[in-house]
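# Tertiary structure, described
In case you want the letters, here they are:
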Amino acid sequence: MTKDSAVVGLSYRRGWLDKIKDHDISRFRTGTRRYVTLTHPEYVDHVLHSGRLNYHKSYEYELLRALLGVSLFTDEEESWQRYRTMLSPMFSKRHLNGLVDLMIEPIDALSDELDEKSGRVEIDMVREMVELTLNVVGNALFSQQFGPIAKGMGPMVTGGLRFGERLLRVFMIAAPPKVVWRTTSRLAYTPLPLPPPFRDVQKIVKLIDGSVWTVINERRAHPIDTPDLLNHLLGATDDHGGLPMKRVRDEAITLMLAGHETTANALSWMWYLLALHPDARNTMLDEVDSVLQGRTPTADDLPSLPWTTAVFLEAMRYFSPAWVIPRVAVRDDVIGTHHIKKGTTVIIPAHLVHHDARWWPNPEEFDPSRFLPGAGKDRPRSAYLPFGGGKRVCIGQSFATMESVLIIAILSQRYVFDLVPGHPVDPEATLTLRPRHGLKMIVRRRGITS
């Protein structure tokens, strides 16, 4: 990037990142909490792979557990292992291929909506991607889109994430007891309106909670034979039985919120990066045109779109929505030659790992060829962490990648997205990494130059 581009380097958490960027392991303390940051893939590998039993999700995840419930995202130990084993078949290649038609329906609907507009169409790409990914996930989960709910989710999610980030900043000084999280949960579900900024969190939680329970109860009362994920959640069993209905609800809500917000940010950053790099964009457009010949993509087409896939994966490296991965040591441990005390919060700053020149030559360049088939064979496995790593790697990573490639391919068949001149683009590190001021872009039909 040049200084003329909308982003002059990554400003989020700049002071903290600058202090640790040249250190494979760093220590610091705030209040009563001890922290260790790890930026070398070998150390990261220990936490996520070989030494994973010594680490749980950090205290910060208790806020999400209180609000969203106990899911694979927030669960631990034997309970997590049991449900991970039960639910993994949901995201097998065979089952995901069966979801393609459900994913495509909302994407086509957005394309048709853009077609109805004329002249110079200006959009907020972040809002559009939030609405689109919520509808895609909703359709894949429940065989129905969320329409009006999706329209209002963007501002509420933004407010909720900013509130969560401020709350966690306070909790960096001292980890509160679990009773605080339980109180937070009760407040979020109270029928009485809360004052800002609690109100944004309350709106999101109650809106999604009510909608999901309605769909679950309707499906149980009137079963339908559809390939959606809800039927898999309701039908998943092991030797001990199926999922309790509360667990079905918790998994569904987590898939909705975690499954759409991070993907929406990743796609938004990708469209932004493509606008700054027209050569990479043109290569993608040529691939989409050559492979699809104007038709709707199928699951069988996805392996034939390697550059399109690589564009998305490189955007996830450059602006990773999950910009930091926190864990807490549940017992004493040793990483390399460094002793880690029980209770220490271990932070893996994915952004720094993704921009380390030792693993990523010219890391500030946007270069999708890093992810073409056969590339990066010598790269350490924990040098790329957009979905976490180890056995606790995001269960939905294949879903997110498939969904994103479908979105990119279908929209790129008709449109090119250019930046609105002068619009400020500044990465904001809340619980995820997102454009602080949204992302104003101009929609241009393919073949139209102005």
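Bear in mind that the values here come from a model prediction, so they are computed numbers and not experimental data. (Residues numbered from 1 in each chain as written. Predicted model: local features only at pLDDT ≥ 70, side-chain atom pairs only at ≥ 80, totals over all residues. Heavy atoms only, no water.)

### Thoughts on the overall build of the protein
Of the regular secondary structure elements, the protein holds 16 helices and 14 strands. Contacts in the protein between residues far apart in sequence, at least 24 positions, make up 75% of those at least 6 positions apart. Counting every atom, the protein has about 19,500 Å² of accessible surface; 54% of that belongs to carbon and sulfur. (Helix = DSSP H or I, 4+ residues; strand = E, 2+ residues; numbered from the N terminus. Contact = heavy atoms within 4.5 Å. Areas by Shrake-Rupley, 256 points an atom, 1.4 Å probe, with all protein chains shown as cover.)

### Some words on helix α7 (residues 125–142)
Helix length check: α7, at 18 residues, gives a terminal C-alpha distance of 25 Å against a target of 26 Å (1.5 Å per residue), a fit within 8%. Among the 18 residues of α7, 17 are classified as buried, and the element is accordingly described as predominantly covered. Ser 143 sits one or two residues past α7 and shows a positive phi near 60 degrees. (Expected span 1.5 Å × (residues − 1). Buried < 20%, exposed > 50% of the residue type's maximum accessible area, 1.4 Å probe, protein only.)

### Section: unusual backbone geometry
In this structure, Glu 77 is a non-glycine residue whose phi angle is positive, near 50 degrees. Looking at the secondary structure, you find Glu 77 in helix α4 (residues 77–87). Using a relative accessible area of 47% as the deciding quantity, one classes Glu 77 as partly exposed. Of note in this structure, Asn 362 is not a glycine but carries a positive phi near 50 degrees. Structurally, the position occupied by Asn 362 is in the loop between α15 (350–354) and α16 (397–414).

### A short note on the sheet that holds strand β11 (residues 415–419)
On the basis of which strands lie adjacent, the open sheet formed by three strands has the order β4-β14-β11 and antiparallel pairing. Two strands lie at the open edges of the sheet, namely β4 (121–124) and β11, each paired on one side alone. Strand-to-strand twist of the sheet, defined as the mean angle between neighbouring strand axes without regard to direction, takes the value 40 degrees. Bridging between β11 and strand β14 (residues 440–445) involves five bridges; their strand directions are antiparallel. When the sheet's bridge partners are listed, Leu 419 is paired in β14 with Met 441. (Pairing = 2+ DSSP bridges. Axes fitted to C-alpha atoms, helices over the stretch in contact; angles between N-to-C directions.)

### A few points about α4
Helical geometry note: an α-helix holds 3.6 residues per turn, so side chains three or four residues apart project in the same direction. Inspection of α4 places Trp 80, Tyr 83, Arg 84, Met 86 and Leu 87 among the buried residues, and these make up the whole buried set. Within α4, the buried residues cover an arc of 160 degrees as seen down the axis, which keeps them to one side. With respect to the buried face of α4, the exposed residues turned more than 90 degrees away are Glu 78 and Thr 85. The elements touched by buried residues of α4 are α11 (229–235), β5 (237–238), β6 (241–242) and α12 (245–276). (Arc of directions from axis to C-beta.)

### Quick look at the pattern of salt bridges
Enumeration over the complete set of coordinates arrives at 23 salt bridges. Ionic pairing is found between Arg 414 and Asp 115, a salt bridge with its closest N-O pair at 2.3 Å. Of this pair, Arg 414 sits in helix α16 while Asp 115 sits in helix α6 (residues 100–115), and the two are 299 residues apart along the sequence. You can call Arg 414 partly exposed: its relative accessible area is 23%. Of the charged contacts, one joins Arg 436 and Glu 428 as a salt bridge, the two residues approaching to 3.6 Å between their closest N and O atoms. Among the residues examined, Arg 436 registers a relative accessible area of 35% and is labelled partly exposed. Salt bridges sharing partners connect three or more residues here, namely Asp 112, Asp 115, Arg 414 and Arg 445. (Salt bridge = Lys/Arg side-chain N within 4 Å of Asp/Glu carboxyl O.)

### A short note on the packing of aromatic side chains
Aromatic ring pairs are defined here through the distance separating the ring centres and the angle between the ring planes. Counted by the stated rule, this structure contains 11 aromatic pairs. With a centroid separation of 6.3 Å and 50 degrees between ring planes, the pair formed by Tyr 272 and Phe 319 is classed as tilted. You can see Tyr 272 sitting in helix α12 and its partner Phe 319 sitting in the loop between α14 (306–318) and β7 (325–329), a full 47 residues away along the chain. On the basis of relative accessibility, which here comes to 0%, the residue Tyr 272 falls in the buried class. (Phe/Tyr/Trp six-rings, centres within 6.5 Å; stacked < 30°, edge-to-face > 60°.)

### Overview of the pairing of β14
A regular strand places its side chains on the two faces of the sheet in alternate fashion. Of the strand pairs in this sheet, β4 and β14 are connected by four bridges, and their pairing is antiparallel. Opposite Asp 124, over in β14, you have Lys 440 as the bridge partner.

### Quick word on the environment of Met 245
One can find Met 245 in helix α12. In this structure Met 245 comes out as partly exposed when scored by relative accessible area, which is 23%. Counting along the chain gives 29 residues from Met 245 to Ile 216, while the straight-line C-alpha distance between them is 8.5 Å.

### Here we look at the packing of α12 against α16
Orientation of α12 relative to α16, taken along the N-to-C sense of each, is 40 degrees, at an axis distance of 11 Å. Relative to α16, the element α12 lies oblique. In the crossing of α12 with α16, the sense of the turn from one axis to the other is right-handed. Facing α12, whose interface residues are Gly 259, Thr 263, Leu 267, Met 270 and Trp 271, α16 presents Ala 400, Glu 403, Ser 404, Ile 407, Ile 408, Leu 411 and Ser 412. Residue composition of the contact of α12 with α16, by class: seven nonpolar, four polar and one charged. (Parallel < 35°, antiparallel > 145°, perpendicular 65-115°, else oblique. Left-handed = near helix turned anticlockwise from the far one by under 90°. Nonpolar A, V, L, I, M, F, W, Y, C, P; charged D, E, K, R; others polar.)

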